[in-house]
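Understanding the architecture of this molecule
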Amino acid sequence: MRFDDDAGLDTSEVQDLRGSGGGGGIGGRMALGGGGLGVVGLVIYFLISQLGGISPSSVGVGSGLTGLGSGEQVDNSQLSSECKTGADANKKHDCAIVAIINSVQDYWTLQMSRSGQTYRKAPTKFFTSGVRTGCGSATSDTGPFYCPADSDVYIDLTFFDELKTRFGAEGGLFTEAYVLAHEYGHHVQNLIGTSKKGTGTGPTSGSVRLELQADCYAGVWGNHATTTPTETGRPLISDITQDDINSALDAASRIGDDYIQTKLGGGQVDRSKFTHGSSAQRKKWFTTGFQTGDPAACDTFGTSNLG
């Protein structure tokens, strides 16, 4: 995966909270189920619900601490000075993440305008250790997540190292793009009203359908990534290889409910607790989106065959 050296980056779509100290443990109520649960958060969910005796219904989207704490500030000065073009994204990891976010949001801006809808851009907030959100407080163990209450995406970038070391994923930049595009898929769902359908647990639950649709939306973006122009008129992403796609599919195979329950949740698969879909389903729906490039093909709520 490479970026066009001459394409411009927009760092205003990222808010850098690293070093602001805006966390402090899991407090309030996490944005689980309805799109708010990140990849590592799925592990935390199983550890809490199966080992800690907390029922899934007791953890949901709710009011909580929001925004920055007293004296904390967003500091984008380093990002804005270092991340100006695709050439910077090809050299620096933080800039590559900015470029991915720009590309994903540019795609959905164009796509939703074609269907007569309006896409509202949402910032991704980089944090370290912990963060306060409209869905409560979260630690880095939650993984990347989308909070519908404030319409923001949150990520501690060290998560991508965890994805390789804890889950054994191949890693790579397009794996990271898949994860981020999935979270922005949840933002799209929130904008068009699909998020409210993401309830319950089990293999055909609304929660599973919501997550598989977000995987499909990530694939749709991937299909259009090399042709979606930025505001400067040039596509940010110049090349996506088959190896990139394979790395995303590898990640998808390691974050299915069945894989995580088997490897990290005690060894037994309990389909009644599925919230994200099986590994095979996650691979299927990302592939569906990537092969068709059509968001309409991602109607996981309108099919009885989730794969």
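Structure's up top.
Scope of this entry: the structure provided in the associated data block.

On to the state of the cysteines, then. Within the structure shown, the criterion is met by three disulfides. Here C83 is linked by a disulfide to C95, with a sulfur-sulfur distance of 2.1 Å. Since a negative S-S torsion denotes a left-handed disulfide, the C83-C95 link at about -75° is left-handed. One end of the pair, C83, is in the loop between α2 (77–82) and α3 (86–89); the other, C95, is in helix α4 (residues 93–114), and twelve residues separate them in sequence. Both residues of the pair, C83 and C95, belong to the buried class.

Here the focus is the packing of helix α6 (residues 173–192) against helix α8 (residues 242–253). With their axes 8 Å apart at the nearest point, α6 and α8 run at an angle of 55° to one another. The angle between α6 and α8 falls in the class oblique. Where α6 crosses over α8, the two elements pack in a sense that is right-handed. Mapping the contact onto sequence places F174, T175 and Y178 in α6 and D244, I245, S247, A248, A251 and A252 in α8. Of the residues assigned to the contact of α6 with α8, the class counts are six nonpolar, two polar and one charged.

With that settled, consider unusual backbone geometry. Of note in this structure, S129 is not a glycine but carries a positive phi near 75°. The topology assignment puts S129 in the loop between β3 (124–126) and β4 (130–133). Relative accessible area serves as the criterion here: at 52%, S129 is assigned to the exposed category.

Reading the values: rules and limits
- Residues numbered from 1 in each chain as written.
- Predicted model: local features only at pLDDT ≥ 70, side-chain atom pairs only at ≥ 80, totals over all residues.
- Heavy atoms only, no water.
- Disulfide = S-S within 2.5 Å.
- Helix = DSSP H or I, 4+ residues; strand = E, 2+ residues; numbered from the N terminus.
- Buried < 20%, exposed > 50% of the residue type's maximum accessible area, 1.4 Å probe, protein only.
- Axes fitted to C-alpha atoms, helices over the stretch in contact; angles between N-to-C directions.
- Parallel < 35°, antiparallel > 145°, perpendicular 65-115°, else oblique.
- Left-handed = near helix turned anticlockwise from the far one by under 90°.
- Contact = heavy atoms within 4.5 Å.
- Nonpolar A, V, L, I, M, F, W, Y, C, P; charged D, E, K, R; others polar.

Geometric values such as these leave the question of function open.
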